[in-house]
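Read off the chains here:
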Amino acid sequence: MKGFLRPLVRRASSKRSRGAAGCAAFLLAASGLLAQAPAAPPIALRRLATGLASPTNISHAGDSRIFLVLKGGQVVIWNGASIRTTPFLDIAALVSTNSEEGLLGLAFHPQYATNGWFYIYYTNTSGSLVIARYHVLASDPNRADPASGVSLLTIPHPTFQNHNGGNLKFGPDGYLYIGTGDGGSGGDPSCNAQRSDVLLGKLLRIDVDQNTTAPPYYGIPPTNPFAGAGDPLDEIWARGLRNPWRFSFDRLTGDLFIADVGQGEREEIDFQPEDSTGGENYGWRVMEGENCYSTTSCPAYVPPCGSAALAAPIVTYGHGNGDCSVTGGYRYRGSTIPLLAGRYLYGDFCSGRIWSAAQAGPAWTPALHATTAANVSSFGEGPAGELYLTTLNGAFYRIVGPPHADFGGDGKTDLVWRNTSNGLDGVWNMDGTAVASVTSIPQVLDINWRIVGTADFNGDGKTDLLWHHRTSGATSIWLMNGTALLSMVAQQTVPDTTWEIEGTGDFNRDGRPDIVWRNRISGLNSVWLMQGTTFSSVASLPRVADANWRLSAIADFNSDGSSDLVWRHAVSGSTGIWLMNGTAYVSGVTLPTVADPGWQIDATGDFDGDDRADLVWRHHGTGLAGIWLMNGTAVSAVVSIPSVTDTNWELVGAR
């Protein structure tokens, strides 16, 4: 096995190079197309829970639990498998839920593990905005003490029920930041966002480690920009916000992103660098996004439209395409979606559209994702930087990289079957390692057509099917909507049938699936680098001359954003992974030997929800099947799945 994992990976001799050139001739001469970045890196939503009562915020306490804030006044816990039936906190009796009111925010003290303090943001039964501190029960880490609450701030919000803000976060400086709305109605008729003597329409910063045992249970950080006698009020860190519906700190840089809901034309994302000393004015109601709005009823000290004293947003968008209200997210700093690294995610409540913005110098460029989430109410960040999302209609999701074979739209890998006798085709819709249901896909009577790959080729967030004809060498992509066929896109025919398609993967880190070929006679291996459904160019992979080595699976096993290759020896049963950097071999990892050659790896996918590729085995003699649950390149467990004893059924799954 070691010999396979190292010496046979040598790059080409002159004979090897000529072979690669021949491969290029058969696999299509370069078309001259320039590869372009996709609209946005592909993502998917893995549904974790439904039926929640209007979730408004997501938080964590530094451990594996995710805390979900519900509008009606409860905080519930996702324990990694389900929502705990007993709420962590229930203050429903204190909360008004009219219009946009409710329990809206939650933040855990940076020393929560030792002091047990957390902070909530809600509208009380008088409509005022309340920031309160509570304590976890010493006897139960999954329950808060409902009698431990003390109010830090009660901000009058007497007239209207909208524009309550609702977010609070601890910054990298250890201070608590609070985003308030402008007081409601439309157009901020009192110009609260610009006024120095009210806390509405502001970003506030307070020190919760001062006055911890007596009112007001907080103090003013000495470096606050307006600390001292007179107006502006000491708590104000920044002003000019209409309704900041979610702000977040970049966990790597400390930079601050604020999504501010627009009036009727422009939604905006505001930015504050980590080294800011505060005092920014983000413009509302003088401006809405980059447009002038109004200074009527504003104090004389308010800057005019276009003034250099107003901080411009980094991203804006209008109200076309059903958009109407921005929901702010996070800059992705997790590890499971490498192509998303450093991009700031946000969405629109009305349209459900999701964008991510990439930074290049001072400029930010947004790109639209194919994935949508109607009524997105909050994004959330877990302790390792992975991202979550809730919708006001009760769903809770984790944002993941797209499964190779998700036909149900639930973010979970499914398995595809084809009957090599009668041409029937079907999908096992999987719930982890359990079969939830079976769905048919269109029958293809010519059994020389094989399904050889599953991937999203057209970037619509739906899994497509890659077909190859055994005798003619024809290749086609079925563009799918779930299990329904939308259209077919023919690819270049490769008449030399010693070339076979082994599956799909991303070998140039552009977020698009490429097509992997192997010559079963010469041992040459190549990749069609694709631009959606269009061939872009061909690249060589290292040659494996021993034809008994079968390329069995393609997936990213070390979470570096580059697809890796799984090989299995048909005679010895040896199995190993090539860890790849694009099309270049980096290193090899030996997997356990399975000596019985009847066992073959037929599919890959994430079947246990850990965002790591697993391996699906099937015995081609008995029909028995099972999954190796993988932890990177190590086998962590083996799980059986239903047997299909009719061996005319071929499992093609995610390849």
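For the structure itself, consult the block above.
Note that this is a predicted model, so its numbers are computed, not measured.

A.B. asks: Explain the sheet that holds strand β2 (residues 55-60) to me, using residue names and the numbers behind them.
C.D. replies: Strand order in the open sheet formed by four strands is β2-β3-β4-β5, with antiparallel pairing between adjacent strands. The two strands at the open ends of the sheet, each matched to only one other strand, are β2 and β5 (89-90). In this structure, strand β4 (residues 74-78) lies alongside β5, joined through two bridges in antiparallel fashion. Residue pairing in the sheet places Q74 in a bridge with D90 of β5.

A.B. asks: Summarise the nonpolar core; cite the residues concerned and give the values.
C.D. replies: Counting residues in hydrophobic clusters, the biggest one holds 23 residues, and the most contacted among them are Y119, L152, L153, L168, L176 and I178. Secondary structure elements with two or more residues in this core: β7 (117-123), β8 (129-137), β9 (140-155), β10 (167-170), β11 (176-179) and β12 (202-206). Among the elements that take part in this core, β9 stands out by supplying four residues, more than any other. Beyond its immediate sequence surroundings of up to four residues, I178 is in contact with Y121, I131, L153, N167, L168, K202, L203, L204, I206 and F247. Ranked by size, the runner-up nonpolar core spans 21 residues in total, among them A61, F108, Y112 and F118.

A.B. asks: Tell me about the pairing of strand β23 (residues 363-372), and please be specific about residues and values.
C.D. replies: Bridge analysis of strand β22 (residues 353-360) against β23 gives seven bridges, and the strand direction is antiparallel. Bridge assignment links A360 to a residue of β23, and that residue is A363. Taken together, β22 and the strand that follows it, β23, pair antiparallel across an intervening segment of two residues, in which G361 is found at a positive phi of about 65 degrees.

A.B. asks: I'd love a proper account of the side chain of R246, names of residues and values included.
C.D. replies: As for its placement among the helices and strands, R246 is situated in strand β14 (residues 244-249). Although R246 is buried, it forms no salt bridge, and the closest oppositely charged side chain is E100 at an N-O distance of 11 Å. There is a polar contact of 3.4 Å between the side chain of R246 and the side chain of N167. Residues in contact with R246, not counting those within four places in the same chain, are T56, N57, L104, G166, N167, F257, I258, A259, T327, G328, S377 and S378.

A.B. asks: Describe the environment of Q600, and please don't skip the residues or the numbers.
C.D. replies: In this structure, Q600 sits in strand β42 (residues 599-605). Considered as a pair, Q600 and G432 are 168 residues apart in the sequence and their alpha carbons are 21 Å apart. Look past the residues within four positions of Q600 in its chain and what remains in contact with it is R568, V616, W617, R618 and H620.

A.B. asks: Outline the sheet that holds strand β38 (residues 549-555), listing residues and values.
C.D. replies: Read across the sheet, four strands follow the order β38-β39-β40-β41 without closing on themselves; strand pairing throughout is antiparallel. The two strands at the open ends of the sheet, each matched to only one other strand, are β38 and β41 (584-591). Strand-to-strand twist across the sheet, computed as the mean angle between neighbouring axes with direction ignored, equals 25 degrees. Pairing of β38 with strand β39 (residues 564-569), which is carried by six bridges, proceeds in the antiparallel orientation. Along β39, the bridge assignment pairs A553 with V566.

A.B. asks: Account for the pairing of strand β43 (residues 614-619), with residues named and values stated.
C.D. replies: A large share of β43 lies buried, amounting to six of its six residues. Burial along β43 is two-sided: D614, V616 and R618 and L615, W617 and H619, pointing in opposite directions, are all buried. In this sheet, β43 lies alongside β42 in antiparallel orientation, the contact comprising six bridges. Pairing of A603 across the sheet is with V616, part of β43. Across four bridges, the pairing between β43 and strand β44 (residues 625-631) is antiparallel. Paired with V616 across the bridge in β44 is I627.

A.B. asks: Quick one: what's the story with the packing of aromatic side chains, residue by residue and with numbers?
C.D. replies: One pass over the structure, following the stated rule, counts 29 aromatic pairs. Their ring planes at 40 degrees and their centres at 4.8 Å tell us that W284 and Y293 sit as a pair that is tilted. Ring centres 5.0 Å apart and planes at 50 degrees place the aromatic pair W517 and W528 in the tilted group. A residue pair is termed long-range when its members are at least 10 positions apart, and W517 in strand β35 (residues 514-519) and W528 in strand β36 (residues 525-531) qualify at 11 residues. Each member of the pair, W517 as well as W528, is classed as buried. Put simply, the rings of F257, F271, Y317, Y344, Y346, W355 and W364 pair up and form one aromatic cluster. One Lys or Arg, R133, reaches over the ring of W117 and ends 4.3 Å from the middle of that ring. The lysine or arginine in question, R246, covers the ring of W245, its NZ or CZ lying 3.9 Å from the ring centre.

A.B. asks: Tell me what's going on with unusual backbone geometry, and back it up with residues and numbers.
C.D. replies: Following P215, the chain continues to P216 via a peptide bond in cis, the omega torsion being 5 degrees. Tracing the backbone through its elements, the reader meets P216 in the loop between β12 and β13 (236-239). A cis amide bond links W284 with the next residue in sequence, R285, at an omega value of 5 degrees. Among the secondary structure elements, R285 is positioned in the loop between β16 (267-272) and β17 (287-288). The phi angle at R246 is positive, at roughly 95 degrees, despite the residue not being glycine.

A.B. asks: Outline the state of the cysteines, listing residues and values.
C.D. replies: Under the defined criterion, the tally for this structure stands at three disulfides. Disulfide pairing places C191 opposite C298 at an S-S distance of 2.0 Å. Handedness here is read from the sign of the S-S torsion; for C191 and C298, about 90 degrees, the answer is right-handed. In this pair, C191 is assigned in the loop between β11 and β12 and C298 in the loop between β18 (291-292) and β19 (315-317), connecting sequence segments 107 residues apart.

A.B. asks: Just give me the short version of the pattern of salt bridges, but keep the residues and values in it.
C.D. replies: Counted by the stated rule, this structure contains 17 salt bridges. The residue R398 makes a salt bridge to E386 at a minimum N-O spacing of 3.8 Å. Taken together, the residues R398 in strand β26 (residues 396-400) and E386 in the loop between β24 (376-381) and β25 (387-391) connect sequence positions 12 residues apart. A salt bridge links R520 to E500, with the nearest nitrogen and oxygen atoms 3.0 Å apart. Remark: E500 occurs in strand β34 (residues 499-505) and R520 occurs in the loop between β35 and β36; sequence separation between them is 20 residues. With relative accessibility at 40%, the residue R520 sits in the partly exposed group. Each of R46, E386, R398, D606 and D611 takes part in salt bridges that share partners, so that together they form one network.

About the thresholds
Residues numbered from 1 in each chain as written. Predicted model: local features only at pLDDT ≥ 70, side-chain atom pairs only at ≥ 80, totals over all residues. Heavy atoms only, no water. Pairing = 2+ DSSP bridges. Helix = DSSP H or I, 4+ residues; strand = E, 2+ residues; numbered from the N terminus. Core = buried A, V, L, I, M, F, W, Y, C linked by side-chain atoms within 4.5 Å. Buried < 20%, exposed > 50% of the residue type's maximum accessible area, 1.4 Å probe, protein only. Contact = heavy atoms within 4.5 Å. Lys, Arg positive; Asp, Glu negative; His and termini not counted. Salt bridge = Lys/Arg side-chain N within 4 Å of Asp/Glu carboxyl O. Polar contact = N/O pair within 3.5 Å; in protein donor to acceptor, adjacent residues only side chain to side chain. Axes fitted to C-alpha atoms, helices over the stretch in contact; angles between N-to-C directions. Phe/Tyr/Trp six-rings, centres within 6.5 Å; stacked < 30°, edge-to-face > 60°. Lys NZ or Arg CZ within 6 Å of the ring centre and 35° of its normal. Disulfide = S-S within 2.5 Å.

Everything listed here is a matter of geometry and, on its own, says nothing about what the molecule does.
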